[in-house]
Every structure is written in structure tokens, then in C-alpha cells.
Amino acid sequence: MAAANVLLSAARRLRQPLPGAQPRIRFEMPPEHEAVAGAGDEETSAADARFGSPGPRMSAQHPLYMGFMGTVGVGFALLVYWIGSNTTQLLLWIVTALFITLGLDPVVRWLEHRNVPRAAGILLSVSTLAVGVAAFFATLIPTIVQQVTQIVQQAPKWVQDFIDSEFFRSVDSQFGIRDRISQELEKFVNNPDAMGGIFGGVVGFGSTVANGLFGALIVLVLSLYFLGALPAMKKWGYRLAPRSRRARVEALSEEITGSVGNYVIGQAAVAVLNATFAFIVMSIIGVPFATLLAFVVALLAFIPLVGGMIAGFLVTLVALTAGWQTALVFAICYFAYLQFEAYFISPRIMQKAVAVPGAVAVISVIAGGSLLGVLGALIAIPTAAAIMLLVKEILIARQDSR
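Residues numbered from 1 in each chain as written. Predicted model: local features only at pLDDT ≥ 70, side-chain atom pairs only at ≥ 80, totals over all residues. Heavy atoms only, no water.

## Brief notes about the overall build of the protein
Spelled out, the test is: The helix count covers DSSP runs of H or I at least four residues long, the strand count covers runs of E at least two residues long, and both are numbered beginning at the N terminus. Exposed residues in this analysis have more than 50% of their type's maximum accessible area, buried residues have under 20%, and partly exposed residues fall in between, with area computed by a 1.4 Å probe over protein chains only. Residue contacts are counted whenever heavy atoms from the two residues lie within 4.5 Å of one another. Exposure was quantified through the Shrake-Rupley algorithm and a 1.4 Å probe, taking into account, for residues, occlusion by the shown protein chains and nothing else.
Counting secondary structure elements, the protein contains 14 helices and zero strands. The buried share among the 402 residues of the protein stands at 25%. Counted over contacts in the protein with a minimum sequence separation of 6, partners at least 24 positions apart contribute 65%. With an accessible surface of roughly 28000 Å², the protein has 70% of that area assigned to carbon and sulfur atoms.

Next up, the structure:
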């Protein structure tokens, strides 16, 4: 009993605030005021303001104002360019985290509608994504190690068979290839720059892997923060627009972000179905490395329009190692599935996502891939859809009103 009383008293003391402690200061948005009724109300609100009312603005036609603001504008543009050119990797991480956030936000909101707290929904969604990525690498890395080990073990036999072949003997007797290879190997081994280059390549590969892991951690943390703060971020963004246009800005922004989220979820579902079908076909007909190739198909299927075609050609080339009949059967089944997917699966999954004309989709995917690689190809179609929506609702509507 005495020990229980001591524990209870210690728990009460821990729950009590520290002497002199104050609650953490939070930066809150000022309230959104309604339209001003009259001049008297404006004077009253100005008198009650904590910091007073702002004075009249300088005329935009004043030479001093024009020169100063022009100089500030040029300097700000140069500063933005310098910051962007020196933080390219960070900007790519931010864009990736925002893309993942917009893709997971519909899932979090769906959980919220079923009385799941937003924090728990965020944790569940991000944990599922992290487990999926970890399972991918846990399956991919051992498979690669196993295959590379097999290649290393078989390489001496392949080299010896090639040396013992009649073709190599005839070529060696004419051109002295064996002696030439021995001389080049001796020069390479005795060259310190070449050996240093090998060591530098190993170090560079290690640093690339470390940067990749660090980038994945940064993207994961940013995605957590963005998911948690997404409603507040949207609210802040809408408050930057004039009050008279705030409702229209909010409607357009919600349409764009909702379309991007639905597109990410739909594309993920299409990629999973694509990889599952390819794995089943490869397992039945005996294509080697079916698990690894299924993951490759899933990754490439995230790239719209051309990803499935590239995956089909790659798997067909690998299937040729098992025989041309195997490659032909896989090509027929997989490319037939791509047609079925294009006309029956994708339209039903993507019915709430973006709708972009085929020519615009192809051009945007190529342009996005050229600018930002795989990430650019992934976000190309949502970006094109957002631009088309803005052109339709702003530019075309303005032109029609004239």
C-alpha cells in the first residue's frame, strides 16, 4: 500500500504543470472579417486594432516607387533563381512528398468519414505505404544478389567456353587477341589512376545509396507533416487570395487536388492489377525471375500510357531466354491485357480522376520525363489536367465574357 501511495503521488506530480511553465505559443491565423458596413465601422475597427491602421499607399506612378519596386523585383527574381538552382534536390523531395500527400489524402479523409481520427488515419496510411516499399526492397535486393551471384559463378565457365570455341581460336590466330588482352590487363593493373577510379566508383556508389536512403527518409517525414497540416495549408493558401475571389479559388483548388489524389490512387490500383496479371502469366508459362519482373512491371505501370508497353517489351526480351514460344505466349497475353485494361479497367477506375486528351497526355509525359525523370512522368498528367482546368475556367471564361 505504501508503494502504491508513492506511485500515485508521483503520478499526480507529473500531471501538474511545472512552476512558471506557460503553454506553447501557436501561430494562429487572424479571423476572417466580413464586409465592412460603413466608414464609421472602419474607423472603430482601426481604433481598436492592436497595431493601428495602415497608412495610405504611395502612388504607383511615383518615380521613386517605380524604381525601388523594379529593383526589388529584379533582385527577388535573382534570389529565387539562386535558391532554386542550389536546392534542386530539396525541391524534388518536396514535390515528391506533396504528390504522395495528395495521393494519400483521399484515403485519410475516407477514414475520417468512418470516425477514425485524422492522426490515426495518417499513421495507418503512411505505415501501409512504408511497409509496401519495404516489402518491395526486401524482395528485390535478395533476388538481385542471388542473380548476380549466379552470373558471377557462371561467368568463368562462359569465358572458358568462349575461349575454347573454334570462332575465338580462328580470330586469335589471325589477330593475336589473347596477347593483346593480356597486355591491356597488365597495363590496367599497373596503372594507379585506373585502380583509384575503381575505388572512387565504389565510394560513389555507396554515397549514392546513402543519399537515396536519406532522401526516402526526408520524403517520408515531409509526407507525414504535409498530411497532418494539409487542411491548414489549404486554408492559408485560400486566405492569400482576395476575399471577393476566395470562393472561386477554393473551388478550383479543391477540384485540382481531388483530381490529383484520385489519379494517384487509380494509377496505383492499375499498376497492382497489371503486375498481378503479369506475374500469373509468367508463373504459368515459366518465365525466369517472375517475382523481380513483376515488381518491374508494377513500377513501370505507374508511368501512364508508355509504362505498360515498356514493361511488356522488357519482359518479352527476358522470356526469350526460355524460348521464343514462351516469349510469344507472354507477349500475346500481356499486350491483349493492355488493350482490355485501356478500354475496361482504366475508365472505371479513373472515372473520378483526371481526363486529358491522348495527344496532350503523350506530350506531357514526354516533357515531364525529360525535365524531372520518372517523377516528372508521374506528375505530368495531373499537372496537364490542372493547367487545362485553369485555362477553361479562367482564360476561356474571360474570353467568352468579352
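Next comes the rest of the account.
## Brief notes about the confidence of the model for the protein
Put simply, the rule is: The score called pLDDT rates the predictor's confidence residue by residue, from a low of 0 to a high of 100.
Residue-level pLDDT values for the protein average 76, and 78% of them are 70 or greater. Ignoring residues within four places in sequence, the model shows residues 34-40, a span with pLDDT below 50, making four contacts including any to other chains.

## Side note on the packing of aromatic side chains
What counts here: When two rings of Phe, Tyr or Trp (its six-membered ring) have centres within 6.5 Å they constitute a pair, described as stacked for plane angles under 30 degrees, edge-to-face for angles over 60, and tilted for the intermediate range.
Applying the stated criterion across every chain, the model contains five aromatic pairs. On the numbers, 4.5 Å between centres and 15° between planes, the contact of Phe-277 with Tyr-337 is stacked. Pair noted here: Phe-277 is in helix H9 (residues 246-285) and Tyr-337 is in helix H12 (residues 324-349), with a separation of 60 residues, a long-range link. By relative accessible area, which is 26% here, Phe-277 ends up partly exposed. Through pairs of rings, three or more aromatic residues link up here, namely Phe-313, Phe-330, Tyr-334 and Phe-335.

## Here's the deal with the side chain of Arg-246
Rule in force here: Pairing of N or O atoms within 3.5 Å defines a polar contact, subject to two protein rules: one partner must be a possible hydrogen donor and the other a possible acceptor, and residues neighboring in sequence count only if both atoms are side-chain atoms.
Among the secondary structure elements, Arg-246 is positioned in helix H9. The buried category is assigned to Arg-246, whose relative accessible area is 12%. At 3.0 Å, the side chain of Arg-246 and the backbone oxygen of Ala-241 are in polar contact.

## A word on the side chain of Arg-118
Structurally, the position occupied by Arg-118 is in helix H5 (residues 118-164). Among the polar contacts made by the side chain of Arg-118, one reaches the side chain of Asp-105 at a distance of 3.2 Å.

## Considerations on unusual backbone geometry
Even without being glycine, Asn-115 reaches a positive phi, approximately 65°. Assignment of secondary structure puts Asn-115 in the loop between helix H4 (88-112) and H5. Note on Asn-115: relative accessible area 75%, which makes it exposed.

## Observations regarding the environment of Ile-94
By the secondary structure assignment, Ile-94 is in helix H4. As a C-alpha pair, Ile-94 and Leu-222 span 128 residues in sequence and 7.2 Å in three-dimensional space. Beyond its immediate chain neighbours, meaning those up to four positions away, Ile-94 contacts Leu-222 and Phe-226.

## Focus on the packing of H9 against helix H10 (residues 290-301)
To keep it simple, the criterion reads: Lines fitted to the C-alpha atoms define the axes, with helices restricted to the stretch that makes contact. Angles between their N-to-C directions range from 0 to 180 degrees. For classification, angles of less than 35 degrees are called roughly parallel, those exceeding 145 degrees roughly antiparallel, those between 65 and 115 degrees roughly perpendicular, and all remaining angles oblique. We call a crossing left-handed when the near helix sits turned anticlockwise from the far one by less than a right angle, and right-handed when that turn is clockwise. Any residue outside Ala, Val, Leu, Ile, Met, Phe, Trp, Tyr, Cys, Pro, Asp, Glu, Lys and Arg is labelled polar, Gly included; the first ten of those are nonpolar and the last four are charged.
For the pair H9 and H10, interaxial distance at closest approach is 8 Å and the crossing angle is 155°. As summarised for this structure, H9 and H10 are arranged roughly antiparallel, according to the angle between their axes. The element H9 and its partner H10 pack so that their crossing is right-handed. Two secondary-structure elements touch here, H9 through Gln-267, Ala-271, Asn-274, Ala-275, Ala-278, Phe-279, Met-282 and Ser-283 and H10 through Ala-290, Thr-291, Leu-293, Ala-294, Val-297, Ala-298 and Ala-301. Here the contact of H9 with H10 is composed, by residue class, of 11 nonpolar, four polar and no charged.

## Some points on the nonpolar core
Selection criterion: Definition of nonpolar core: a set of buried residues of the types Ala, Val, Leu, Ile, Met, Phe, Trp, Tyr and Cys, connected through side-chain atoms within 4.5 Å.
Within the largest apolar cluster, 36 residues are counted, with the highest numbers of intra-cluster contacts made by Met-282, Val-297, Phe-330 and Tyr-334. Those elements that provide at least two residues to this core are H4, H9, H10, helix H11 (307-319), H12, helix H13 (358-372) and helix H14 (374-401). Broken down by element, this core gets its largest block of residues, nine residues, from H9. Here Phe-330 is in contact with Ala-278, Val-281, Met-282, Ile-285, Gly-312, Val-315 and Thr-316, once residues within four sequence places are set aside.

## Observations concerning a nonpolar patch on the surface
What counts, and what does not: Patch membership is restricted to residues that have no salt bridge and whose relative accessible area is over 30%. Joining uses 9 Å for like charges and 5 Å for the nonpolar side chains Val, Leu, Ile, Met, Phe, Trp and Tyr. In what follows, salt bridge is the name for a side-chain nitrogen of Lys or Arg lying within 4 Å of a carboxyl oxygen of Asp or Glu.
Among the surface-exposed residues, Leu-305, Val-306, Ile-310, Leu-314, Leu-317, Leu-320, Trp-324, Leu-328, Ile-332, Val-362 and Ile-366 lie close enough to one another that they form a single nonpolar patch of about 1000 Å² accessible area. Going through the elements one at a time, H11, H12 and H13 are the ones with two or more residues in the nonpolar patch. Secondary-structure assignment places Leu-317 in helix H11. You can call Leu-317 exposed: its relative accessible area is 55%.

## Topic: the packing of H4 against H9
When two helices pack together, their arrangement is captured by the angle between the axes and the distance separating the axes. With their axes 8 Å apart at the nearest point, H4 and H9 run at an angle of 85° to one another. By the criterion of interaxial angle, the relationship of H4 to H9 is roughly perpendicular. Of the residues in H9, those touching H4 at Phe-99, Leu-102, Gly-103, Pro-106 and Val-107 are Thr-257, Val-260, Gly-261, Asn-262, Val-264 and Ile-265. Taken together, the residues of the contact of H4 with H9 sort by class into seven nonpolar, four polar and no charged.

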